[in-house]
Amino acid sequence: MSANDVTHPKTKFVEADNTQRGEWFDHRETFFWHDRTPHEVKFEIEKLTGTLLARDATQAERLTYVGDSSSGGTRRVLRLRFEAVTPRRPYMFEPWTDPREYRNQFSLRVEMATPRKWVTGEAFQRNLDRAFEHWTLRLLCGPGGNDWVDRLKPLYDRQVAESLAREAMEAQKKEDPRAIADLQLAVLESLRAGMRFSAAHKEGGTILSFNGQTFLRSDYGEEPGLRIYATDAEMLQAIRDFYDWESRRDCYPHRPPELEVWRYIRQQLR
């Protein structure tokens, strides 16, 4: 592949070469097999790559999901496509009867781009290869193309229909605001009763508490500070912001239900 590619953004160890113009751009692509449904595989690829994917409604021939992200000037586009259903055994001449006798074939394509002034073409290729290899090591990869696309189309269509139905069902889910409000109230009552939130690291730490009159955030260490929250709503927002990353770290890039977030938050009270 040519160095029409992507790379690392600017860091304190790299000075920009302003004589360079344009972008490196390149892509990588692989086929892989999986036992799970397209909807479940989409979720796994999102977790693997840290990129949320959405169904591309313009692709009618094959079920396709696309997502993009940007960081430090580097842009990345991912495409996951459900290619076909294939038999598990090398040779199968009878029509399919049991879905467990088959597995699904997918393709994963990654396109990346970055300004040339931040990186050389060689470094861009290394970084792109490193990222792609990290993902594909966790996939059952192999050559693409097979003659089962048409022969197993009924099973393919069934899986697509089931995945779209699952997608629609999840989109309609709504949380109970009363249950969330009850948890938030319990958190505030615990703070008023003398409990607090605290976090420490090598540069300092943070304490969220109630001093008998008002809610406070106290930061100590390299960046000391004191913030006062006059209302319950302000304190709840401060708590929610404080635990935003920790509450979703294990499921990134997905966001857990808000009820689960507040359950996690309540568990951090000490």
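Everything below is about the structure shown above.
Residues numbered from 1 in each chain as written. Predicted model: local features only at pLDDT ≥ 70, side-chain atom pairs only at ≥ 80, totals over all residues. Heavy atoms only, no water.

So, the nonpolar core
The criterion, for reference: Think of a nonpolar core as a cluster: buried Ala, Val, Leu, Ile, Met, Phe, Trp, Tyr and Cys residues, connected wherever their side-chain atoms sit within 4.5 Å. Summary of the burial criterion: residues with accessible area below 20% of their type's maximum are buried, those above 50% are exposed, and those between are partly exposed, where the area comes from a 1.4 Å probe applied to protein chains only. Numbering of helices and strands runs from the N terminus, with a helix taken as a DSSP run of H or I at least four residues long and a strand as a DSSP run of E at least two residues long. What makes two residues a contact is simply this: any of their non-hydrogen atoms within 4.5 Å.
Phe32, Ile45, Leu80, Phe82, Val85, Leu108 and Val110 are the most contacted members of the largest nonpolar core, which has 27 residues in total. For this core, the secondary structure elements donating two or more residues are strand S1 (23-34), helix H1 (38-49), strand S4 (74-87), strand S5 (102-115), helix H2 (121-136) and helix H3 (153-171). Phenylalanine 32 has contacts with Val41, Ile45, Leu80, Asn104, Gln105, Phe106, Ser107, Leu108, Leu139, Leu140 and Cys141, leaving out every residue within four places of it along the chain. Counting 19 residues, the second-largest nonpolar core is a separate cluster that includes Val187, Met235, Ala238 and Ile265.

Quick word on the pattern of salt bridges
Our working definition: Each reported salt bridge corresponds to a side-chain nitrogen of Lys or Arg within 4 Å of a carboxyl oxygen of Asp or Glu.
Applying the stated criterion across every chain yields a total of 20 salt bridges. Of the charged contacts, one joins aspartate 129 and arginine 28 as a salt bridge, the two residues approaching to 2.8 Å between their closest N and O atoms. Taken as a pair, aspartate 129 in helix H2 and arginine 28 in strand S1 lie far apart in primary sequence, 101 residues in all. Using a relative accessible area of 29% as the deciding quantity, one classes aspartate 129 as partly exposed. Residue arginine 36 is joined to glutamate 44 by a salt bridge in which the shortest nitrogen-to-oxygen separation is 2.9 Å. A residue is classified by how much of its surface remains accessible, and glutamate 44, at 29% relative accessible area, is partly exposed. In this structure, a network of salt bridges that share partners links the residues Arg240, Asp244, Arg248, Arg255 and Glu258.

Quick word on the packing of aromatic side chains
Where we set the bar: Only Phe, Tyr and Trp rings take part, Trp by its six-membered ring, and two of them pair if their centres are within 6.5 Å. Stacked means planes under 30 degrees apart, edge-to-face means over 60, and tilted covers everything else.
All told, the structure shown has eight aromatic pairs when counted by the stated rule. On the basis of an interplanar angle of 20° and a centroid distance of 5.5 Å, the ring pair of phenylalanine 32 and phenylalanine 106 is categorised as stacked. Taken together, the residues span a long stretch of sequence, with phenylalanine 32 in strand S1 and phenylalanine 106 in strand S5 at a distance of 74 residues. Between phenylalanine 197 and tyrosine 243, the aromatic rings sit 5.4 Å apart at their centres with planes inclined by 65°, giving edge-to-face as the arrangement. Residue phenylalanine 197 is located in strand S7 (residues 197-201), and its partner tyrosine 243 is located in the loop between helix H5 (232-242) and helix H6 (244-248); the two are separated by 46 residues in the primary sequence. In this pair, the class of phenylalanine 197 matches that of tyrosine 243, namely buried.

What about H2?
Here is the rule: Here, expected helix span is obtained from the residue count minus one, scaled by 1.5 Å.
Under the 1.5 Å per step criterion, the end-to-end length of H2 is 22 Å for 16 residues, consistent within 8% with the ideal 22 Å. Buried positions along H2 lie against S1, H1, S4, S5 and strand S6 (140-142).

Digging into the sheet that holds S5
Operational definition: Note on pairing: DSSP must find at least two bridges between two strands before they are called paired. Orientation is described by axes fitted as lines to C-alpha atoms, over the contacting stretch for helices, and by angles from 0 to 180 degrees between their N-to-C directions.
Spatial ordering of the open sheet is given by S2-S3-S4-S5-S1-S6, a layout of six strands whose pairing is antiparallel. Because the sheet does not close on itself, it has two edges, and the strands there are strand S2 (54-55) and S6. Where S1 meets S6, three bridges bridge the pair, whose relative direction is antiparallel. By the bridge assignment for S6, tryptophan 33 is matched with leucine 140. Each of S1, strand S3 (64-71), S4 and S5 touches H1; the most contacted strand, S4, lies at about 150° to it. Set on the sheet, H3 makes contact with S2, S3, S4 and S5; between it and S4 the angle comes to about 135°.

Section: unusual backbone geometry
The omega torsion across tyrosine 252 and proline 253 is 10°, close enough to zero to call that bond cis. Its place among the elements puts proline 253 in the loop between H6 and helix H7 (258-267).

Thoughts on the packing of helix H4 (residues 177-192) against H7
Applicable threshold: Angles are sorted into four bins: roughly parallel if under 35 degrees, roughly antiparallel if over 145, roughly perpendicular if 65 to 115, and oblique for all others. When the near helix sits turned anticlockwise from the far one by under a right angle, the crossing is termed left-handed; a clockwise turn instead gives a right-handed crossing. Ten residues, namely Ala, Val, Leu, Ile, Met, Phe, Trp, Tyr, Cys and Pro, are considered nonpolar, four, namely Asp, Glu, Lys and Arg, are considered charged, and the remaining ones, Gly among them, are considered polar.
Between H4 and H7, the shortest axis-to-axis distance is 9 Å and the interhelical angle comes to 15°. Considered as vectors, H4 and H7 are oriented roughly parallel to each other. Like other packed secondary-structure pairs, H4 and H7 cross with a definite hand, here left-handed. Note on element contacts: H7 touches H4 through Glu258, Leu259, Trp262, Arg263 and Arg266, opposite Ala179, Ile180, Leu183, Gln184, Ala186 and Val187. A breakdown of the residues in the contact of H4 with H7 according to their chemical character gives seven nonpolar, one polar and three charged.

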